[in-house]
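Structure assessment
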Amino acid sequence: MKAVYQRKPDCIACMDLGMEPANFCPKCMELNREVVDILQLGVGLFADKAVIKKTNGALATVPMSELTIID
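Here goes a summary of the coordinates provided. Predicted model, so just to flag it, every value in this text is computed and none were measured.

1. Here's the deal with the overall build of the chain
Along the chain, the regular secondary structure elements total two helices and five strands. The order of helices and strands in the chain, counted from the N terminus, is β-α-α-β-β-β-β. Residue burial in the chain is summarised as follows: out of 71 residues, 30% are buried. Long-range pairs, those at least 24 residues apart, make up 46% of the contacts in the chain with a sequence separation of at least 6. On the chain, roughly 5000 Å² of surface is accessible, and the fraction owed to carbon and sulfur atoms is 57%.

Definitions and cut-offs
Residues numbered from 1 in each chain as written. Predicted model: local features only at pLDDT ≥ 70, side-chain atom pairs only at ≥ 80, totals over all residues. Heavy atoms only, no water. Helix = DSSP H or I, 4+ residues; strand = E, 2+ residues; numbered from the N terminus. Buried < 20%, exposed > 50% of the residue type's maximum accessible area, 1.4 Å probe, protein only. Contact = heavy atoms within 4.5 Å. Areas by Shrake-Rupley, 256 points an atom, 1.4 Å probe, with all protein chains shown as cover.

Below is the structure:
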């Protein structure tokens, strides 16, 4: 299963301009987006996380709210 993983950006330049975290610049959002493989859904104490395989081969457990399933 594939998904788009949207990490929360950590853009110091945007923060220096006084932008709130919800209003990050589009370039930051684009740099923090990647297509990943979902290996397992519903892990964790509250079943609100997923195990993903990133494009560099690394495995990570991320909140499901940061994933958009595409396939």
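That was the structure; now back to the text.
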